[in-house]
Amino acid sequence: MGNGQNAAIEHRLDADGIDPLLLTGVNDANLQKLSQTFGVRVVLRGDHLILSGDLEAVEAAVPVTRHVIELSRLRVPFDVNDIGRFVEEFGSGGETIIVPPGEEIRVALPGTRKVITPRSEGQRKYLQAILDQDIVIGIGPAGTGKTYLAVAAALDALYKKQVKRIILVRPAVEAGESLGFLPGDIQEKVDPYLRPLYDALEDMIPADRVRRALEDRTVEIAPLAYMRGRTLSDAFVILDEAQNSTTAQMKMFLTRLGLNSQVVITGDKTQIDLPRRSDSGLLEVEDILKGIDGIEFIYLTDVDVVRHRLVKDIIRAYAASTDEGGE
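In this numbering scheme, every chain counts its residues from 1 along its sequence in written order. Selection of residues for local features in this predicted model requires a pLDDT of at least 70, selection of side-chain atom pairs for listing and counting requires 80 or more, and totals for whole chains, interfaces and linings are taken over all residues. To obtain the side-chain values, all non-hydrogen atoms of the structure were included, while hydrogens and water were left out.

Engineer: Go over the overall build of the chain with me, naming the residues and quoting the values.
Structural biologist: Per the convention used, a helix needs a DSSP run of H or I reaching at least four residues, while a strand needs a run of E reaching at least two, with both numbered from the N terminus. On a plain count of helices and strands, the chain comes out with 11 helices and 11 strands. By the burial criterion, 46% of the 327 residues in the chain qualify as buried. Across the chain, the fraction of contacts at a sequence separation of at least 24, relative to all contacts at a separation of at least 6, is 70%. Just so you have it, the chain exposes about 17,000 Å², and 49% of that area is on carbon and sulfur atoms. We call a residue buried when its accessible area falls under 20% of the maximum for its residue type, exposed when it is over 50%, and partly exposed in between, using a 1.4 Å probe and counting protein chains only. Contacts between residues were defined by any pair of non-hydrogen atoms, one from each residue, lying within 4.5 Å. Using a 1.4 Å probe, the Shrake-Rupley method yields the accessible areas, and only the shown protein chains count as cover for residues.

Engineer: Tell me about the nonpolar core, and please be specific about residues and values.
Structural biologist: Residues grouped as a nonpolar core are buried Ala, Val, Leu, Ile, Met, Phe, Trp, Tyr and Cys residues, joined through side-chain atoms within 4.5 Å. Ranked by internal contacts, the top residues of the largest apolar core, which has 37 residues, are Tyr126, Ile130 and Phe236. At the level of secondary structure, the elements contributing two or more residues to this core comprise helix H5 (121-132), helix H6 (146-159), strand S7 (165-170), helix H7 (186-204), helix H8 (207-215), strand S8 (219-223) and strand S9 (235-239). At 9 residues, the largest contribution of residues to this core is made by H6. Contact partners of Ile130, with chain neighbours within four places excluded, come to Val136, Ala150, Ala153, Phe236, Gln262 and Val264. Residues Leu49, Leu51, Ala61 and Val68 belong to the second largest nonpolar core, which totals 26 residues.

Engineer: How would you summarise the sheet that holds S7 if you had to cite specific residues and measurements?
Structural biologist: Overall, parallel pairing links the 6 strands, which are arranged S8-S7-S9-S10-S6-S11 in an open sheet. Strands at the two margins of the open sheet, each flanked by one partner only, are S8 and strand S11 (295-299). Taken pair by pair, the neighbouring strands of this sheet meet at an average axis angle of 15°, ignoring direction. Examined bridge by bridge, S9 and strand S10 (residues 262-267) share 4 bridges and lie parallel to one another. Considered in S10, the bridge of Val237 is made with Val263. Here H5 sits on the sheet and contacts strand S6 (135-139), S9, S10 and S11; the angle it forms with S11, its principal contact strand, is near 165°. Only strands joined by at least two bridges in the DSSP assignment are considered to pair. Axis angles are defined between N-to-C directions and span 0 to 180 degrees, where every axis is a line fitted to C-alpha atoms and, for a helix, only to the segment in contact.

Structure, rendered in structure tokens:
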């Protein structure tokens, strides 16, 4: 190579057997992403991908570039957003696992062209846990796919007749407003709290099918308080925004589990809307249930965020503010 950290070098990586379009992306978008991220020139020439630039920049780019080359060889799809996550994972010292075609976790939704796949290593572990365990508790910031992947897994279980119904539950935390002063009947009062669950469903299956499923009770969306006194058998049950459940509500919910049922609990410990943070059932259950066979905790981080790139930066900015003594 060259001498000194600022020496200009050229490094060739073997790209034999790749899918060229998969590697480069549409209009070379993937190569441009690598170039912009590391400040190097990236060119595909024959069976080699050539990185050129300062020594330090090229050395930083090599691990991620090798990773995307290997994905292209295995025909594992990725895009510019995934490259950003690969950079995060390699930069944090995390292990990025390549899953060959046929072995990856995929949720295909019948009647649509949607195929839901994990977009990060954290999401892969989360979805695998849902497939393997009776109760999964996914904890992490907004945008990490906690609810979306859980709903996809629930639909998959329903279509495969592993369960007879899906029950989606959320606490109806008043967040400074009294439900009694809101217009409409009780369903109209709580619907705004449940809207994100409707949105997740409607993003995966046509709205008319969602409506029919709700009408015949194959899918039920309800406030957490409505679960009291019920036994939930043959069901895939998701408790979303669990950080806003109280200790008593969490215990009530967990003891509703009936035969042939599966539970996924999702929550974000940084967004507790209860009057006192210590009242959160999610915080307590994290201590009480650890170590029980059949229950798995999965922790997602900002690396797993799959929304707009700025969401990751916003999460980190708030975390830094809290670490410095902010609220």
